[in-house]
Amino acid sequence: MRIAIDGPAGSGKSTIAKLVARNLDFVYIDTGAMYRALALKAACNSIAFEDEQAMSEMMNHTYFSLSEQGITLDGVPLGEEIRTREVSMLSSDIARYPYVRAYLTEQQRNLSKQGNVIMEGRDIGTVVLPDAELKIFLTASVEERAKRRLMQLSESGQRADFSTILSEIEERDRNDSTRELAPLKPAEDSILLDTTGVTIEEIVEKISALAIKRQRTYLARSVGFCYGVDRAVNEAMKLLKSGKRIFATGEIVHNERVINLLRDMGLEIVNEKDLQERREGVAIIRAHGIDPKSEKKLREVFDEVIDLTCPIVYNVFSLAVDLQTQGNFVVVFGKKNHPEVVALSGRLREYMIVEPGEDYQTIVNRLSGKGKIAVISQTTMSCDDFSEFSDFLVGNSKEQVSIYNTICRVTVERESEARRLAEIADTVIVIGGRNSSNTRKLVDIVGKLGKHALHIQDIRDLPEKSKMGKIGLISGTSTPYEQIQNILDYIENEREVTSNGRENEPAG
Ligand code: SF4
């Protein structure tokens, strides 16, 4: 669900949006932070904002996504580095460029599809999210807003005079509502809330109640592609549009629909064994990576090889090699046939792969005499399974054991969301490919908590709707937002559901 809050300066929208997000367990999207982060990235790469070509090239390879810690840029959560005065000035500067605004508006729309989100600003309901499920336009009298601003300033030790602030706000209102680019005005279908003389708590309660009334399905805080998959799919699409012949050995991500879409765009999936002669075209390396021997073969056969291995996966490969160089025997906790584990073990001279549920005492016996042992994990394994194995090994082995938890943060967050949904819903729908390891893991988690987990790939897999009760919805990291939105639309429009467990209301 998306909530858009707009309103003039001083109407309290940012404080209110953050409190509503906390109240409802929604993600607050700080659109200003995105301008700051982009400005900082450009500055770090010495790209001038007026150089539209260089900026576009950089933006083309920039990935924003959502995590429990808020917005991430290229897989890294935004931190204090974007809060300096210097970055603040850079961000006001970059916001003047219409091509940057258009790019970030698109990014904000994409983020809004990744879960339950709340966004505030001056053109969110009208320009950024015109199809938000709930639109609020906050307002307050000019005098009230001037009073609030005066209080804010005096709390921070700054002196100001009421009439000056009043005329500044009047001036700003005039500019905001008459500017050419996205003028400030309420969306036609927004709910107007006047905050004059009303406490913040009352407004937060009112907006939360409106949202609960409209929310019909519990959606996980973050759904859709993770950073690594988003990057691989987008880069592959750009290459396919270039007109060159593009090849891959195997599925570049674990999602049938995505693979079919890429095939329709021209992606040729070939068997490595059939690669004997030189071929014209570009080979891409999947998000899970491939082993060095296979990569060498690709480089011999194709004109060019583009590596789309997720950088987080790549870091795990490098860690494993470093650990081996430092004299450790490397134990990989993962699925033997998973492409990431195959790619990882192909980089090691000596290793052991351990799967969840194996006889761990036998593993301890087999590791006897290895000296220094380093344990790492496939990035998409379950944290509980990894802890169970590593605790057993540390507690029972006489060797020197070091544990490196290399499970990706995104998959850890989805695990905790699956648990949350299992607590509040009767049926948890898990959308994702049948061969996606992280999707199957979510299904297992829900099942172990005694709730009905429904692993589906598309609408056709849904059972009779009346049998699902309260619905929770989550996805694996290779599931595109469009697939999730289709299922969400179908559920919300076709069936009568219990809204957030508080009241029944007919769909429609
Ligand atoms: S889940 Fe895997 S592909 Fe996705 S960001 Fe994490 S490590 Fe990368």
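All values reported here derive from a predicted model rather than from experimental measurement.

## Concerning the sheet that holds strand E13 (residues 302-307)
Inference 1: Strand order in the open sheet made by the four strands is E11-E10-E12-E13, with parallel pairing throughout. Either end of the sheet is taken by a strand with one partner, and the two such strands are strand E11 (268-269) and E13.
Inference 2: Bridge count for strand E12 (residues 279-285) against E13 is five bridges, and the pairing is parallel. Directly across from Val282, in E13, lies its bridge partner Glu304.

## A closer look at helix H8 (residues 162-178)
Three- or four-residue spacings in an α-helix give side chains the same orientation, since the helix completes a turn every 3.6 residues.
Inference 1: Over its 17 residues, H8 runs 24 Å from end to end, which matches the ideal 24 Å to within 8%, given 1.5 Å per residue.
Inference 2: Burial analysis of H8 places just one of its 17 residues in the buried class, a small minority of the element.

## A word on the pairing of strand E6 (residues 117-121)
Inference 1: Most of E6 sits out of view: five of its five residues are buried.
Inference 2: The pairing of strand E1 (residues 2-6) with E6 spans five bridges and is classified as parallel. Within the sheet, the bridge partner assigned to Arg2 lies in E6 and is Val117.
Inference 3: Of the pairings in the sheet, the one linking strand E2 (residues 27-29) to E6 comprises three bridges and is parallel in character. Looking across to E6, one finds that Ile29 is bridged to Met119.

## Considerations on the environment of Ala232
Inference 1: Inspection of the secondary structure assignment puts Ala232 in helix H10 (residues 227-241).
Inference 2: Separated by 21 residues in the primary sequence, Ala232 and Val253 have C-alpha atoms spaced 8.0 Å apart.
Inference 3: Ignoring any residue separated from it by four or fewer positions in sequence, one finds Ala232 in contact with Ile252, Val253, Arg286, Ala287, Leu308 and Cys310.

## Focus: the sheet that holds strand E18 (residues 427-431)
Inference 1: With respect to topology, four strands assemble into an open sheet ordered E9-E20-E18-E19, the strand pairing being parallel. In this open sheet, the two edge strands, each paired with only one partner strand, are strand E9 (218-219) and strand E19 (452-456).
Inference 2: Bridging between E18 and strand E20 (residues 471-475) involves five bridges; their strand directions are parallel. Residue pairing across strands places Ile429 opposite Leu473, the latter belonging to E20.
Inference 3: Each of E9, E18 and E20 is contacted by helix H17 (residues 409-424), which is oriented at about 170° to E20, the strand it contacts most.

## Things to note about the site of the ligand
Inference 1: Surrounding the ligand, one finds 14 residues, the nearest of these being Cys226, Gly228, Cys310, Ile312 and Cys408.
Inference 2: At the level of elements, H10, helix H13 (311-325) and H17 are the ones that each hand at least two residues to the shell around the ligand.
Inference 3: Examining the composition of the shell around the ligand, we find that three residues originate from one element, H10, more than from any other.
Inference 4: A per-class count over the shell around the ligand returns nine nonpolar, five polar and no charged.

## A closer look at the environment of Thr379
Inference 1: Here Thr379 shows up in the loop between strand E16 (372-377) and helix H16 (383-396).
Inference 2: Accessibility expressed as a C-beta count within 10 Å gives 28 for Thr379, which makes it buried.
Inference 3: Linking Thr379 and Gly70, residues 309 residues apart in sequence, is a C-alpha distance of 21 Å.
Inference 4: Those residues in contact with Thr379 that lie beyond four places of it in its chain are Ile312, Val313, Val316, Glu340, Thr406, Ile407, Cys408 and Thr411.

## Quick notes on the nonpolar core
Inference 1: Formed by 70 residues in total, the largest nonpolar core has its most connected members in Ile3 and Val428.
Inference 2: When residues in this core are grouped by element, the largest group, seven residues, is from helix H2 (residues 31-44).
Inference 3: Both domains that meet at this core, namely domain 1 (2-219) and domain 4 (410-505), each give it at least three residues.
Inference 4: The residues contacting Ile3, other than those within four sequence positions of it, are Val20, Phe26, Ile118, Ala132, Leu134 and Ala211.
Inference 5: Of all hydrophobic cores here, the second largest spans 54 residues; its members include Ala232, Leu267, Leu298 and Val313.

## Section: the pairing of E19
Inference 1: Here E19 shows one buried face, formed by Ala453 and His455, and one open face, formed by His452, Leu454 and Ile456.
Inference 2: Pairing between E18 and E19: five bridges, direction parallel. Within E19, the residue paired with Thr427 across the bridge is His452.
Inference 3: Where the polypeptide runs from E18 across helix H18 (residues 437-448) and back to E19, its parallel neighbour, the crossover connection is right-handed.

## A word on the domain arrangement of the protein
Inference 1: Along its sequence, the protein is carved into domain 1 (2-219), domain 2 (227-312), domain 3 (313-407) and domain 4 (410-505).
Inference 2: For domain 1 and domain 3, the distance between their C-alpha centres works out to 44 Å.

## What about the environment of His338?
Inference 1: Among the secondary structure elements, His338 is positioned in the loop between strand E14 (329-333) and helix H14 (339-345).
Inference 2: Here the alpha-carbon distance between His338 and Ile71, two residues 267 residues apart in the chain, equals 29 Å.
Inference 3: Ignoring any residue separated from it by four or fewer positions in sequence, one finds His338 in contact with Gln378 and Ser437.

## Let's talk about unusual backbone geometry
Inference 1: Within the chain, Asp25 stands out as a residue other than glycine whose phi angle is a positive 65°.
Inference 2: Looking at the secondary structure, you find Asp25 in the loop between helix H1 (13-24) and E2.
Inference 3: Judged by the 10 C-beta atoms lying within 10 Å of it, Asp25 is exposed.
Inference 4: Despite not being glycine, Ser46 has its phi angle at roughly 55°, a positive value.
Inference 5: With 7 C-beta atoms packed within 10 Å, Ser46 lands in the exposed category.

What counts as what
Residues numbered from 1 in each chain as written. Predicted model: local features only at pLDDT ≥ 70, side-chain atom pairs only at ≥ 80, totals over all residues. Pairing = 2+ DSSP bridges. Helix = DSSP H or I, 4+ residues; strand = E, 2+ residues; numbered from the N terminus. Expected span 1.5 Å × (residues − 1). Buried ≥ 20, exposed ≤ 12 C-beta atoms within 10 Å, placed from the backbone. Contact = placed C-beta atoms within 7 Å. Axes fitted to C-alpha atoms, helices over the stretch in contact; angles between N-to-C directions. Near = placed C-beta within 6 Å. Nonpolar A, V, L, I, M, F, W, Y, C, P; charged D, E, K, R; others polar. Core = buried A, V, L, I, M, F, W, Y, C linked by C-beta atoms within 7 Å. Domains from an automatic or database assignment. Right-handed = clockwise from strand over helix to strand, strands pointing away.

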